[in-house]
Amino acid sequence: MEAVHTRKTGKGAAWKVFWLALLGAAIWYLYDSYVYALTRDFDPGTTFWNRLVWYGAHIVVATPILLIAPLQFVAGIRHARPEVHRWLGRVFLTSSIIAAPLGIYLGATLSNEGSRVPIALLGLLWLLMSVSAWVTARRKDFANHRKFVVRSLALGLAFVWIRILDDFSERALSFIPDKSAIETTQEWLAFVIPLLFVEIWLSWWPAARGRR
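## Things to note about the overall build of the chain
In step 1: Looking only at helices and strands, the chain has eight helices and zero strands in total.
In step 2: In the chain, the order of α-helices and β-strands from amino to carboxyl end is α-α-α-α-α-α-α-α.
In step 3: The buried share among the 212 residues of the chain stands at 35%.
In step 4: Long-range pairs, those at least 24 residues apart, make up 70% of the contacts in the chain with a sequence separation of at least 6.

## Thoughts on helix H5 (residues 113–138)
In step 1: The end-to-end C-alpha separation of H5 is 39 Å, in line with the 38 Å expected for 26 residues at 1.5 Å each.
In step 2: For H5, the full list of buried residues reads Ser115, Pro118, Ile119, Ala120, Leu122, Gly123, Leu125, Trp126, Met129, Ser130, Ala133 and Thr136.
In step 3: Lys140 sits one or two residues past H5 and shows a positive phi near 65°.

## Some details on the environment of Leu153
In step 1: Note that Leu153 resides in helix H6 (residues 142–156).
In step 2: Once the C-alpha coordinates of Leu153 and Leu195 are considered, the two residues, 42 residues apart in sequence, prove to be 9.8 Å apart.

## Structural notes on H6
In step 1: Between its first and last C-alpha atoms H6 spans 20 Å; for 15 residues at 1.5 Å apiece the expected length is 21 Å, and the two agree.
In step 2: Taken together, the buried positions of H6 are His145, Phe148, Val149, Val150, Arg151, Ser152, Leu153, Ala154, Leu155 and Gly156.

## Notes on the packing of aromatic side chains
In step 1: Tallied over the full model, the rule gives one aromatic pair.
In step 2: Ring geometry for Trp188 and Phe191: centres 5.8 Å apart, planes at 35°, overall tilted. In this pair, Trp188 and Phe191 are both assigned in helix H8 (residues 179–211), three residues apart and thus about one turn of the helix distant.
In step 3: The ring of Trp87 carries the charged tip of Arg90 above its face, separated from the ring centre by 4.6 Å.
In step 4: Residue placement shows Arg151 over the ring face of Phe148; its charged tip is 5.1 Å from the ring centre.

## Section: the packing of H5 against H6
In step 1: One can describe the packing of H5 onto H6 by two numbers: an axis separation of 8 Å at closest approach and a directional angle of 155°. In terms of axis orientation, H5 runs roughly antiparallel to H6. Handedness of the H5/H6 crossing: left-handed. Together, Leu122, Leu125, Trp126, Met129, Ser130, Ser132, Ala133, Thr136 and Ala137 of H5 and Phe142, Asn144, His145, Phe148, Val149, Arg151, Ser152, Leu155 and Gly156 of H6 make up the contact between the two elements.
In step 2: Class assignment for the residues of the contact of H5 with H6 results in ten nonpolar, seven polar and one charged.

## Focus on unusual backbone geometry
In step 1: Positioned with a positive phi, Lys140 is a non-glycine residue whose angle comes to about 65°.
In step 2: Relative to the elements of secondary structure, Lys140 occurs in the loop between H5 and H6.

## Quick look at a nonpolar patch on the surface
In step 1: On the surface, a nonpolar cluster with roughly 900 Å² of combined accessible area is contributed by Val117, Leu121, Leu124, Leu128, Trp188, Val192, Leu196, Ile200, Trp204 and Trp205.
In step 2: Looking at the nonpolar patch, the elements with two or more residues in it are H5 and H8.
In step 3: If one sorts the elements of the nonpolar patch by residue count, H8 sits on top with six residues.
In step 4: Among the structural elements, Leu128 can be located in helix H5.

Procedures and definitions
Residues numbered from 1 in each chain as written. Predicted model: local features only at pLDDT ≥ 70, side-chain atom pairs only at ≥ 80, totals over all residues. Heavy atoms only, no water. Helix = DSSP H or I, 4+ residues; strand = E, 2+ residues; numbered from the N terminus. Buried < 20%, exposed > 50% of the residue type's maximum accessible area, 1.4 Å probe, protein only. Contact = heavy atoms within 4.5 Å. Expected span 1.5 Å × (residues − 1). Phe/Tyr/Trp six-rings, centres within 6.5 Å; stacked < 30°, edge-to-face > 60°. Lys NZ or Arg CZ within 6 Å of the ring centre and 35° of its normal. Axes fitted to C-alpha atoms, helices over the stretch in contact; angles between N-to-C directions. Parallel < 35°, antiparallel > 145°, perpendicular 65-115°, else oblique. Left-handed = near helix turned anticlockwise from the far one by under 90°. Nonpolar A, V, L, I, M, F, W, Y, C, P; charged D, E, K, R; others polar. Patch = residues over 30% accessible without salt bridge, like charges linked within 9 Å, V, L, I, M, F, W, Y side chains within 5 Å. Areas by Shrake-Rupley, 256 points an atom, 1.4 Å probe, with all protein chains shown as cover. Salt bridge = Lys/Arg side-chain N within 4 Å of Asp/Glu carboxyl O.

Now the structure itself:
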């Protein structure tokens, strides 16, 4: 029993470290996104409305997701304060469902044509996962609701993943000579890699363990 308790305590501590590190990275890169939005040079033909307003609205609406997400995965809040968990969940999913279409628009209107498909597809997947999380919660299918929330969060944090990739892209993608091709590759990887890890954790690994 003591060994089981030790493993559970160690697992809980690891998750706390993970969420703290993720929250710290998200806040840092969110700040970086605000600075980028306010100080960058616009592409030719860009207007205040069609880029800055949409981009700013996307960031503002998505900000609560960063603050709420760690709390939604704290078992103590879910069990001791279920009404708080439900209200935070509504804010989380509402923010995601609004931010995702804004992301689709921003992706579809990027000046780099190669980046339009991955960013728009990311927004579409984020919207589908968030709506599915809402529907499964309404049906009280909480097992699948949790999985869709995890998928929604993984996609919603794409702006964190893409900046992490950007920090390592010069070495990791040095075999690609074209800078625009590197940007396109990063944008695909920014949601494909997190989604693959999530699916391995939620579906593939449990299924493989069950078969074995």
